[in-house]
Amino acid sequence: MKVGAFREPERLMRREVAVVPKVTAGRAERCGYEDEANGTVTVGETCRRPNMATEGLLSDGAHQLKTFAVNGKHALNVVNGKANGVVHSKKNGHVTAHCNGTTTGVPQSEPKKKPHSKESFEEVPLVTAVTTYMGFYLLVVLGYLNQFLFAPPVAKERNRKGYVPLYNRFEQFYSRYVYRRIRDCWNRPICSVPGAEVVLKDRITHDYGWTFQYTGLEKKCLNLGSYNYLGFAEATGQCAEDSIQSIKKYACALGSTSHELGTSPIHLELEETTARFLGVEAAITFGMGFATNALNLPCLLSPGCLVISDEKNHASLILGLRLSGATTRVFKHNNMKNLEKVLRTAVVQGQPKTGAPWKKIFIVAEGVYSMEGSLVHLPEVIALKKKYKAYLFLDEAHSVGAMGPRGRGVLDYYGVNPHDVDVLMGTFTKSFGSAGGYIAGSKELVDFLRVNSHAACYASTMAPPIAQQIITSMRIIMGEDGTNEGQKRVMQLARNTRYFRRRLHQMGVIIYGHEDSPVVPLLVYMFSKIGAVVRTLAKKNIAAVGVGFPATPLMEGRIRFCLSAAHTKEQLDNVLDVLEDIAETLGLKYSQLPRYKGVIQYEDENK
Amino acid sequence: MGSYWLPTSINGFLGDIKDASLLHFVLEGFLVAWLIWFIFRKSYKSHHRHSLSKEEEDKIISEWTPEPLVKSTPQDHPALKPHVVTGKAGHYIDVDGKPCLNLATHNYLSFVDKPQVEECAIQSIRKYGVGSCGPRGFYGTVDVHLELEEKLAKFMGMEEACVYAYGFSTVASAIPAYAKRNDIIFVDEQVNFAIQKGLDASRSRICYFKHNDVEDLEKLMLEFEAEAGKNPRKAKVTRRFLVIEGIYMNTGKICPLPALLELAHRFKCRTILDENVSFGTLGETGRGVTEFYNINRADVDLIVGSMEWALGSIGGFCVGSSFIVEHQRLSGLGYCFSASLPPLLTSAAMASLEEIEKNPELITVLHKQCQLVHDALANLSEFGYSMSGDIQSPVKHLYLTNPPQDAEKHRSLLHSISQYCIKNGVAIIPASYLDHMEARPRTPSLRITVNVDLTPAEVEAASKVLQQASSEFSLS
Ligand SMILES: Cc1ncc(COP(=O)(O)O)c(C=O)c1O
């Protein structure tokens with residue numbers, strides 16, 4: 001267990017005072033590898049994620065539970081409560097002693113690299129692990145009792161006697177008796193723009209979560225739940241005005257695909273602007289981010305291709321990979337050592353059975369992982385991809401706009417040349433406050449997709465007002481509107497992120513992810529605590545998202561905060577005060593690391 | 001359920017334990033797990049590699065040359081120079097600056113440029129902004145989504161509806177939410193591409209039956225029944241589905257729903273009906289193919305509709321009983337893992353739906369236009385065109401009676417005809433397919449769509465242009 005560096009108070013101090021992300025050039029080729037946790041989980045054993053995400057939330061869970069039965073390693077983890085550090089995904093990318101931020105001279109031409117010493121994945125204390133498991137199984141047992149004793153007040157299938165049951169029994173049980181207990185924490189309807197504040201529609205349940213009634217009341221909450229990183233979710237202002245104009249000019253939709261008559265000048269403008277924004281030759285856009293992955297990966301890949309996919313990849317990527325017919329192998333989350341091992345084995349051994357060389361090898365990763373808050377180790381991934389002649393597909397759904405000094409995503413953050421990533425994918429749902437997705441890269445790639453993409457041929461093109469919102473917000477970020485509003489937002493988000501994360505560290509709660517990532521998962525571990533925290537926060541007028549099994553590992557229930565440039569320091573202070581309270585009363589201060597004692601400063605605007 | 005890395009025998013084993021009680025399962029599971037772990041841990045380490053030295057490996061690596069990222073694309077492909085539509089794609093449409101009568105985009109009821117619809121969308125932006133910034137579970141459920149779902153369910157007279165953010169992803173997510181590996185799905189061979197992707201994602205066994213051919217379906221079902229009789233244990237857990245479209249986008253034909261449902265009932269198949277074209281167009285009041293045949297909607301398990309064609313917005317929806325639809329809220333991939341439909345598009349769809357409810361005579365007018373276009377196209381047979389599509393369908397296909405043998409030439413000829421029509425003020429385009437991706441070959445065609453605002457004179461003029469094109473390209 002090498003959490004040593006984290007334990008260094010001196011290091012902690014430096015974390016607190018480092019204001020602007022320091023451009024350090026550690027010896028890149030060493031950074032991700034040195035800290036490898038013990039590599040006992042073999043590649044084959046980690047290959048189960050892809051199936052789960054594509055089965056939907058529930059079957060995912062059912063599956064995962066079953067996996068324990070077939071997968072000894074997993075079962076072992078459970079018993080050890082991870083105290084043995086077998087869960088490498090949490091360990092790698094860890095603070096390492098050598099990545100201490102010292103700058104050594106590097107040739108000018110080399111891309112600037114930051115050691116990923118800024119990520120934290122502290123492990124859960126053993127006692128918590130055990131109680132979490134006990135708690136969960138208690139819920140399950142109680143659920144079974146409940147199911148045995150009382151008929152569930154749910155809709156039944158009518159007139160389908162003799163048909164094979166439609167649903168898996170465990171899935172049904174789980175959603176009725178476990179998920180239902182905290183069902184009120186999700187799907188809460190809103191009735192306003194999801195900006196820095198959001199108005200929730202109040203609802204109550206009289207039957208323990210089976211049904212909900214709306215009270216007709218509304219409640220304004222501070223919004224840490226929406227993916228509104230740059231605060232472009234606005235009902236007034238330039239973006240909204242431009243979108244309204246575009247409805248007047250182009251209407252709400254075109255009712256056609258881009259191969260047919262679905263292209264209007266606004267789409268061309270959007271694609272041109274996106275390419276310029278990302279600094280690449282060309283871009284192609286689609287009406288939905290999810291479909292961008294699910295419908296484009298299959299035309300880039302075919303049977304005989306190999307995909308090496310991060311285990312925490314999003315469901316849309318996994319679906320796309322499944323549809324492509326390519327072979328998928330999984331590498332441990334952000335673990336470069338493991339990635340290299342999988343890559344090397346793949347190239348050396350070729351295709352299974354025949355041993356024929358692979359046609360192509362793709363590495364598929366995300367920029368910022370939405371449940372982990374972690375950041376891809378891009379420079380290392382690029383080095384590996386070059387070494388083994390693989391292609392890199394990078395999904396920047398959560399990072400484009402939100403990362404980097406100019407808001408251009410993780411490439412900007414690491415100072416990487418955009419041409420080093422073969423396929424840049426991203427969505428407009430998050431930082432741009434709109435909808436849809438893009439794929440960008442060389443003109444050759446984009447031309448190929450224009451002709452072969454499933455979405456270009458069969459799916460409707462993006463609605464004009466949606467496209468306009470993206471164009472306007474992108475222009476603002478690039479400063480093409482003649483103001484520094486965009487730059488200010490990017491800076492504000494970065495300041496908010498660092499301030500919020502540092503304060504949480506200081507509080508003694510465990511948070512995951514990279515210190516510059518605006519996605520902040522706060523670990524509460526226990527299933528019931530997810531509900532308790534979300535509800536208490538809501539009572540204090542704070543909207544946050546709880547995530548639990550099956551969307552996360554059983555052990556790792558968490559509350560996720562998404563920061564936004566729209567938040568002010570005062571608002572964050574308010575949240576932090578409430579969290580301090582909750583952490584105390586609900587016992588969330590799991591961290592065993594030393595805490596920084598001084599006052600954490602909110603960075604100056606001019607920095 | 002997803003366990004493709006396991007040999008089939010273990011898969012069967014998984015299937016068995018699926019139905020065991022959890023406690024039972026946990027106890028036994030742990031034992032088995034330890035065992036397997038012990039056995040495999042040892043063998044895994046020993047049996048791989050080490051046969052190659054590092055140098056040999058490096059040599060393999062340096063010698064391996066992957067295929068290029070993508071194949072190069074012919075620069076004259078029409079998709080690289082798409083038509084640009086300036087302005088609204090209404091009854092008339094500006095294609096590359098040329099005003100044309102619109103027989104190409106799916107705007108059956110002319111809601112795309114209806115002022116009420118636009119106004120609703122604009123008001124929605126003023127209240128909610130543009131994007132919803134989150135999936136349905138995470139504060140992405142806006143009150144307008146709930147309202148639209150309620151309206152859709154009420155409109156269709158069913159218990160519940162759920163709205164998706166994209167038409168394509170609706171049916172493509174709905175199918176794999178129910179059908180899993182080991183299940184069987186009977187599908188019409190002419191189903192649209194989104195359905196095919198849903199089938200792929202489900203990994204079920206797929207049986208295609210001939211287009212709208214009830215007898216062929218019966219034959220396949222009987223075959224399956226016989227097979228199932230041999231392995232009743234397996235048959236007991238094999239769910240059966242029938243997936244059909246109301247009006248087929250690929251042929252313009254209406255499905256013979258009553259006969260299909262009878263078969264489905266007889267063989268205990270659940271039915272998923274994709275009404276992406278027929279919703280809002282078929283039946284006296286636009287409630288789709290079930291209304292057209294006057295069928296009790298509860299006989300269909302799930303109806304999937306699109307809001308991108310008749311409703312003039314973006315997105316899709318599923319309606320059915322709560323028992324069925326509710327499941328998608330946790331299992332529909334495109335529903336759970338994607339941001340919700342932007343509120344403005346939700347409001348626009350709602351405004352259109354209200355229009356249909358308020359003015360059902362709109363549908364009657366549409367049917368008249370469908371008839372008008374149908375007759376005009378049917379009369380083109382002497383000019384070398386043959387038509388496919390039922391009278392009431394707003395989508396029709398025009399095939400060439402004597403097409404060039406070469407597929408490439410065939411396609412480019414259709415493209416030229418389309419260009420000719422556009423030049424002469426009628427927007428008609430070839431239906432676009434990715435031939436190598438489709439489950440069955442699709443005959444290249446010009447896809448004609450019907451709009452409620454068409455006049456007899458316009459239809460006449462369009463027919464004239466097609467006739468001229470015929471002589472221009474010597475089709476007959
Ligand atoms: C990594 C990743 N890719 C794709 C998507 C899908 O994007 P959209 O919500 O625009 O469909 C998401 C959204 O949650 C995501 O996190």
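Residues numbered from 1 in each chain as written. Chains lettered and ligands numbered in written order. Predicted model: local features only at pLDDT ≥ 70, side-chain atom pairs only at ≥ 80, totals over all residues. Heavy atoms only, no water.

With an unreviewed UniProt entry as reference, chain B is termed Serine palmitoyltransferase 1, source organism Frankliniella occidentalis. Quoted verbatim from the Cofactor (unreviewed entry) heading of the UniProt record, the comment on chain B is "pyridoxal 5'-phosphate". Under the UniProt heading Sequence similarities (unreviewed entry), the note attached to chain B is "Belongs to the class-II pyridoxal-phosphate-dependent aminotransferase family." (UniProt positions renumbered as here; feature names shortened; annotations may be inferred.)

As recorded in an unreviewed UniProt entry, chain A goes by the name serine C-palmitoyltransferase, listed as coming from Frankliniella occidentalis. Quoted verbatim from the Cofactor (unreviewed entry) heading of the UniProt record, the comment on chain A is "pyridoxal 5'-phosphate". Its UniProt record, at the heading Sequence similarities (unreviewed entry), says of chain A: "Belongs to the class-II pyridoxal-phosphate-dependent aminotransferase family."

Enquirer: Would you mind showing me how to read the overall build of chain A here?
Expert: Helix and strand counts for chain A come out as 22 helices and 15 strands. Taken over 607 residues, chain A has a buried fraction of 69%. Here the contacts in chain A between residues at least 6 apart in sequence split such that 74% fall between residues at least 24 apart. By element, 55% of the accessible surface of chain A is carried by carbon and sulfur atoms, the whole surface being about 19500 Å². (Helix = DSSP H or I, 4+ residues; strand = E, 2+ residues; numbered from the N terminus. Buried < 20%, exposed > 50% of the residue type's maximum accessible area, 1.4 Å probe, protein only. Contact = heavy atoms within 4.5 Å. Areas by Shrake-Rupley, 256 points an atom, 1.4 Å probe, with all protein chains shown as cover.)

Enquirer: Would you mind going over the side chain of Arg176 of chain A with me for this structure?
Expert: Residues and elements named next belong to chain A. Here Arg176 is to be found in helix H9 (residues 169-178). No salt bridge is formed by the buried Arg176. Its closest oppositely charged neighbour is Glu157, at 9.7 Å. Discounting chain neighbours no more than four positions away, the residues touching Arg176 are Pro152, Val154 and Trp210. (Lys, Arg positive; Asp, Glu negative; His and termini not counted. Salt bridge = Lys/Arg side-chain N within 4 Å of Asp/Glu carboxyl O.)

Enquirer: Explain the sheet that holds strand E3 (residues 213-223) of chain A here, please?
Expert: Adjacent strands of a sheet pair through backbone hydrogen bonds, lying either parallel or antiparallel. All names here are of chain A. In space, the three strands of this open sheet follow the order E2-E3-E13, with mixed pairing throughout. Every interior strand has two partners, whereas the edge strands, strand E2 (197-204) and strand E13 (542-543), have only one. Judged from the two bridges that link them, E3 and E13 form a sheet pairing that is parallel. Its bridge partner being in E13, Asn223 is matched across the sheet by Ala543. (Pairing = 2+ DSSP bridges.)

Enquirer: Can you help me understand unusual backbone geometry in this one?
Expert: Trans is the common state for peptide bonds, and a negative phi is the common state for residues other than glycine. Residues and elements named next belong to chain B. Despite not being glycine, Tyr139 shows a phi value in the positive range, around 60°. Here Tyr139 falls in the buried class, since its relative accessible area comes to 5%. We note that Asn182 has phi near 80°; this positive angle belongs to a residue other than glycine. Residue placement: Asn182 occurs in the loop between helix H7 (167-178) and strand E5 (184-188).

Enquirer: Can you help me understand the state of the cysteines in this one?
Expert: Working definition: the covalent bond between the sulfur atoms of two cysteines is a disulfide. Under the counting rule described, the total for this entry stands at zero disulfides over all chains. With no disulfide of its own, Cys239 of chain A lies 11 Å from the sulfur of Cys133 of chain B, the closest cysteine sulfur. No disulfide involves Cys305 of chain A; its sulfur sits 12 Å from that of Cys299 of chain A, the nearest cysteine. (Disulfide = S-S within 2.5 Å.)

Enquirer: Which parts of the structure should I look at to understand the site of the ligand?
Expert: Residues in close proximity to the ligand total 17 residues, the closest being Phe290, Asp395, Thr429 and Lys430 of chain A together with Ser338 of chain B. Nearby residues place the ligand at the junction of chains A and B. Interatomic distance of 3.4 Å between a side-chain N/O atom of His314 of chain A and an oxygen atom of the ligand. Protein contact buries 97% of the 390 Å² of open area that the ligand shows by itself. Here the element with the most residues in the shell around the ligand is helix H12 (residues 289-300) of chain A; it accounts for three residues. Split by residue class, the shell around the ligand holds five nonpolar, nine polar and three charged. (Near = heavy atom within 4 Å. Polar contact = N/O pair within 3.5 Å; in protein donor to acceptor, adjacent residues only side chain to side chain. Nonpolar A, V, L, I, M, F, W, Y, C, P; charged D, E, K, R; others polar.)

Enquirer: What exactly am I supposed to notice about the environment of Gln75 of chain B here?
Expert: Topologically, Gln75 of chain B is positioned in the loop between helix H3 (54-63) and strand E1 (85-86). Apart from the residues within four sequence positions on either side, Gln75 of chain B is in contact with Lys443 and Asp447 of chain A together with Leu80 and Lys81 of chain B. Side chain to side chain, Gln75 of chain B and Lys443 of chain A meet in a polar contact 3.4 Å long. Of note is the side chain of Gln75 of chain B, whose polar atom sits 3.2 Å from the side chain of Asp447 of chain A.

Enquirer: Could you clarify how one ought to interpret the UniProt feature "domain: Aminotransferase class I/classII large" (unreviewed entry) in chain B in this entry?
Expert: According to UniProt, the feature "domain: Aminotransferase class I/classII large" (unreviewed entry) maps to residues 99-463 of chain B in the numbering used here. Between the C-alpha atoms that bound residues 99-463 of chain B the distance is 17 Å, and the span itself is 45% helix and 16% strand.

Enquirer: Sorry, what's going on with the interface of chain A and chain B here?
Expert: Quoted interface sizes are often the accessible area lost when the parts come together. Between chain A and chain B, the contact holds 152 residues from the first and 139 residues from the second. A buried area of about 12700 Å², summed over both sides, lies between chain A and chain B, and 66% of it is on carbon and sulfur atoms. Taken together, the links from chain A to chain B amount to eight salt bridges. The biggest single contributor to the side of chain A that touches chain B is helix H5 (residues 56-70) of chain A, with ten residues. Residue composition of the side of chain A that touches chain B, grouped by class: 78 nonpolar, 40 polar and 34 charged. (Buried area = accessible area lost by both parts, 1.4 Å probe.)

Enquirer: I keep staring at the domain arrangement of chain B and nothing clicks. Help me out?
Expert: Residues and elements named next belong to chain B. Splitting chain B by domain gives domain 1 (81-110 + 361-433 + 442-473) and domain 2 (115-358). Taking only C-alpha atoms, the centre of domain 1 and the centre of domain 2 are 27 Å apart. Counting residues at the interface gives 21 residues for domain 1 and 26 residues for domain 2. Its largest share of buried area at the contact with domain 2, domain 1 owes to His106, Ile363 and Arg442, together 28% of the area lost on that side. Here domain 1 and domain 2 share one salt bridge between them. Taking the shortest distance from any N to any O, the salt bridge between Glu118 and Lys88 comes out at 2.8 Å. Linking domain 1 to domain 2 there are twelve residue pairs in polar contact (both at pLDDT 80 or more). Of all elements in the fold, only helix H16 (361-378) and strand E12 (395-400) reach the threshold of two or more residues within the side of domain 1 that touches domain 2. Grouping the constituent residues of the side of domain 1 that touches domain 2 by class yields eight nonpolar, eight polar and five charged. (Domains from an automatic or database assignment.)

Enquirer: Looking at this structure, I do not really get the pattern of salt bridges. What am I missing?
Expert: One side chain can pair with another of opposite charge once the charged atoms of both are near each other. One pass over the full model with this rule turns up 53 salt bridges over all chains. Among the salt bridges present, the one from Arg489 of chain A reaches Glu485 of chain A, with a minimum N-O distance of 2.9 Å. Of this pair, Arg489 of chain A and Glu485 of chain A both sit in helix H20 (residues 485-507), separated by four residues, roughly a single helical turn. Overall, the relative accessible area of 12% leaves Arg489 of chain A in the buried class. Residue classification places Glu485 of chain A among the partly exposed positions, given a relative accessible area of 29%. Salt bridges linked by common partners bring Arg183 of chain A together with Arg136, Glu149, Glu160, Glu326 and Arg329 of chain B together as one network.

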